[in-house]
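One-letter residues, chain by chain:
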Amino acid sequence: MKQVVYGLIVGLIAVLGIGIVVTINGKATRDGDMDRALSVAVENAVETTMNEKAYPISSNEEFIADFTQNLLVQISNDSDIEIQVAKVDYEKGILGVKVIETFTHPNGKEGRNECETSVVFEHNQTDADYVSVRFLLDDDSLYKEYRIKRGDRVVVPKNPTKEGKTFTGWCLKNSSGVITEFGNTSEDITYVASFD
């Protein structure tokens, strides 16, 4: 009888020990998974949201909704996920989030992990997004060339100098008349220096 009691006590201690090990291991696994996967999941979700839009995103709320949907596809487990948005700018692809995961340990107790991350989506700009603005001297040699974003204001260089001549301004190539104000451009444009 004494040996049966010892056997039951040892068995109970073994079950409790296994329960403790499983709980600690589960927490460590969830912590590690959350820390490793969240950053990648957030970046992938932002990239998916920015690149695979079925419609144009026109507000931060739409960006957050699409991001949340894409994030939950990336994170697949049986826990509850709470997403707190710290910073968002859908036009620039900036998102700062805090993700809180609530789960149940094998012993029935509730566990919680938190992770904060920020991501800036880098838009892959194409050559079509930029225009060339060239400034030539009066002998058609290149003085300065700028690449600016399509629709941006023309960048005007420092006035060129030419020995024995006075710079009077910039003219559009194949046109006469000095430009007094430079505006925005959505196409390649060339200016030629005018000297007296």
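Structure shown above.
All of the points below concern the structure found in this document. What you see is a predicted model; the values in this text were computed from it and never measured.

### A look at unusual backbone geometry
Leaving glycine out, the prevailing phi sign among residues is negative, and the prevailing peptide bond configuration is trans.
Here's step 1: For Asp140, which is not glycine, the phi torsion reads 65 degrees and is therefore positive.
Here's step 2: The topology assignment puts Asp140 in the loop between strand E4 (130-136) and strand E5 (142-149).
Here's step 3: The phi torsion at Asn174 lies on the positive side, around 60 degrees, for a residue other than glycine.
Here's step 4: You can see Asn174 is positioned in the loop between strand E6 (167-172) and strand E7 (178-179).

### Looking at the sheet that holds strand E2 (residues 94-104)
Here's step 1: Judged by pairing direction, the sheet is antiparallel, and its three strands sit side by side in the order E1-E2-E3 without closing on themselves. The sheet terminates laterally at strand E1 (80-89) and strand E3 (110-120), the two strands that pair on one side only. Between one strand and the next, the sheet's axes are offset by a mean angle of 10 degrees, whatever the strand orientation.
Here's step 2: Alignment of E1 against E2, held across nine bridges, turns out to be antiparallel. Each residue of the ladder has a partner; that of Gln84, found in E2, is Lys98.

### A look at the sheet that holds E6
Here's step 1: One open sheet holds the five strands; their spatial order is E5-E4-E8-E6-E7, and the pairing between them is mixed. In this open sheet, the two strands that pair with only one neighbour each are E5 and E7.
Here's step 2: Strand direction decides the pairing type here: E4 and strand E8 (residues 189-195), joined by four bridges, are parallel. Looking at E8, one finds that Val133 is bridged to Ile189.

### A few points about the pattern of salt bridges
Here's step 1: A complete count under the given rule lists two salt bridges for this structure.
Here's step 2: For Lys162, the salt bridge is made with Asp138, and the minimal N-O distance between the two is 2.6 Å. Taken together, the residues Lys162 in the loop between E5 and E6 and Asp138 in the loop between E4 and E5 connect sequence positions 24 residues apart.
Here's step 3: In this structure Asp138 comes out as partly exposed when scored by relative accessible area, which is 33%.
Here's step 4: Asp140 is the partner of Lys173 in a salt bridge, and the nearest nitrogen-oxygen pair spans 3.4 Å. One end of the pair, Lys173, is in the loop between E6 and E7; the other, Asp140, is in the loop between E4 and E5, with 33 residues separating them in the sequence.
Here's step 5: Judged by its relative accessible area of 47%, Asp140 falls in the partly exposed class.

### What about the packing of aromatic side chains?
The relative placement of two aromatic rings is captured by the distance of their centres and the angle of their planes.
Here's step 1: All chains considered together, the criterion is met by seven aromatic pairs.
Here's step 2: Considering the side-chain rings of Phe135 and Trp170, the 4.8 Å spacing of their centres and the 70 degrees angle between planes classify their relative orientation as edge-to-face. Of this pair, Phe135 sits in strand E4 while Trp170 is found in strand E6, placing the two residues 35 residues apart along the sequence.
Here's step 3: Since its relative accessible area comes to 0%, Phe135 is described here as buried.
Here's step 4: According to the relative accessible area criterion, Trp170 is buried, its value standing at 3%.
Here's step 5: Between Phe167 and Trp170 the ring centres are 5.3 Å apart and the planes differ by 65 degrees, which places this aromatic pair in the edge-to-face class. Here Phe167 matches Trp170 in class, with each residue buried.
Here's step 6: Each residue in the set Phe135, Tyr143, Tyr146, Phe167, Trp170, Phe182, Tyr191 and Phe195 is aromatic and connected to the rest through ring pairs, giving one cluster.

### Some words on a nonpolar patch on the surface
Here's step 1: Taken together, the side chains of Met1, Val5, Ile9 and Ile13 present a nonpolar region at the surface, about 440 Å² in accessible area.
Here's step 2: Within the element layout of this structure, Ile9 appears in helix H1 (residues 2-51).
Here's step 3: The partly exposed category is assigned to Ile9, whose relative accessible area is 43%.

Criteria and thresholds
Residues numbered from 1 in each chain as written. Predicted model: local features only at pLDDT ≥ 70, side-chain atom pairs only at ≥ 80, totals over all residues. Heavy atoms only, no water. Helix = DSSP H or I, 4+ residues; strand = E, 2+ residues; numbered from the N terminus. Pairing = 2+ DSSP bridges. Axes fitted to C-alpha atoms, helices over the stretch in contact; angles between N-to-C directions. Salt bridge = Lys/Arg side-chain N within 4 Å of Asp/Glu carboxyl O. Buried < 20%, exposed > 50% of the residue type's maximum accessible area, 1.4 Å probe, protein only. Phe/Tyr/Trp six-rings, centres within 6.5 Å; stacked < 30°, edge-to-face > 60°. Patch = residues over 30% accessible without salt bridge, like charges linked within 9 Å, V, L, I, M, F, W, Y side chains within 5 Å. Areas by Shrake-Rupley, 256 points an atom, 1.4 Å probe, with all protein chains shown as cover.

Without other data, these values stay purely geometric and don't point to any function.
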